Amino acid sequence: MTLDKHKLDGIPQITSKILPVNEFETLLVSAGYQRASSAPAKGNRIKVWWNHSNYRRIEAIYSPDCKIAITAYHVG
């Protein structure tokens, strides 16, 4: 649970270790990110990619029920 460990472009520093997905996604959409795709991840979790026209791509990991954002970081 390391959502607070990474700085995401265009998003104020997240200070919580986890966030409800609706709250996390509101932050991303408000900053202009668009959900690109998703896939299964290790530990029965869900990996979700977010794109932005100016910022680096984000890879986020959600709980198996997609209710909690566990971590997010830039890729590529």
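Residues numbered from 1 in each chain as written. Predicted model: local features only at pLDDT ≥ 70, side-chain atom pairs only at ≥ 80, totals over all residues. Heavy atoms only, no water.

### Concerning the packing of aromatic side chains
The criterion, for reference: Only rings of Phe, Tyr and Trp enter the pairing, Trp through its six-membered ring, and a pair is recorded when the two centres are within 6.5 Å. The plane angle decides the type: under 30 degrees is stacked, over 60 is edge-to-face, the rest tilted. Helix and strand assignments follow DSSP, with helices taken as H or I runs no shorter than four residues and strands as E runs no shorter than two, numbered in order from the N terminus.
This model, assessed by the stated rule, comprises two aromatic pairs. Between the aromatic rings of F24 and Y62, the centroid separation amounts to 6.2 Å while the plane-to-plane angle is 90°, which identifies the pairing as edge-to-face. A residue pair is termed long-range when its members are at least 10 positions apart, and F24 in helix α1 (residues 21-30) and Y62 in strand β4 (residues 57-62) qualify at 38 residues.

### Description of the sheet that holds strand β5 (residues 68-75)
Stated formally: At least two DSSP bridges between two strands are needed for those strands to be called paired.
Read across the sheet, five strands follow the order β1-β5-β4-β3-β2 without closing on themselves; strand pairing throughout is antiparallel. This sheet does not close on itself; its edge strands, each paired only once, are β1 (19-20) and β2 (34-41). Bridge analysis of β4 against β5 gives six bridges, and the strand direction is antiparallel. Pairing of R57 across the sheet is with V75, part of β5.

### Quick notes on the pattern of salt bridges
A side chain with one charge can pair with a side chain of the opposite charge if their charged atoms come near. The cut-off we apply is this: Salt bridges are counted wherever a side-chain nitrogen of Lys or Arg sits within 4 Å of a carboxyl oxygen of Asp or Glu.
Taken as a whole, this structure holds three salt bridges when the rule is applied. D4 is paired through a salt bridge with K17; the nearest N and O atoms lie 3.8 Å apart. Linking D4 in the segment before β1 with K17 in the segment before β1, this pair joins segments that are 13 residues apart in sequence.

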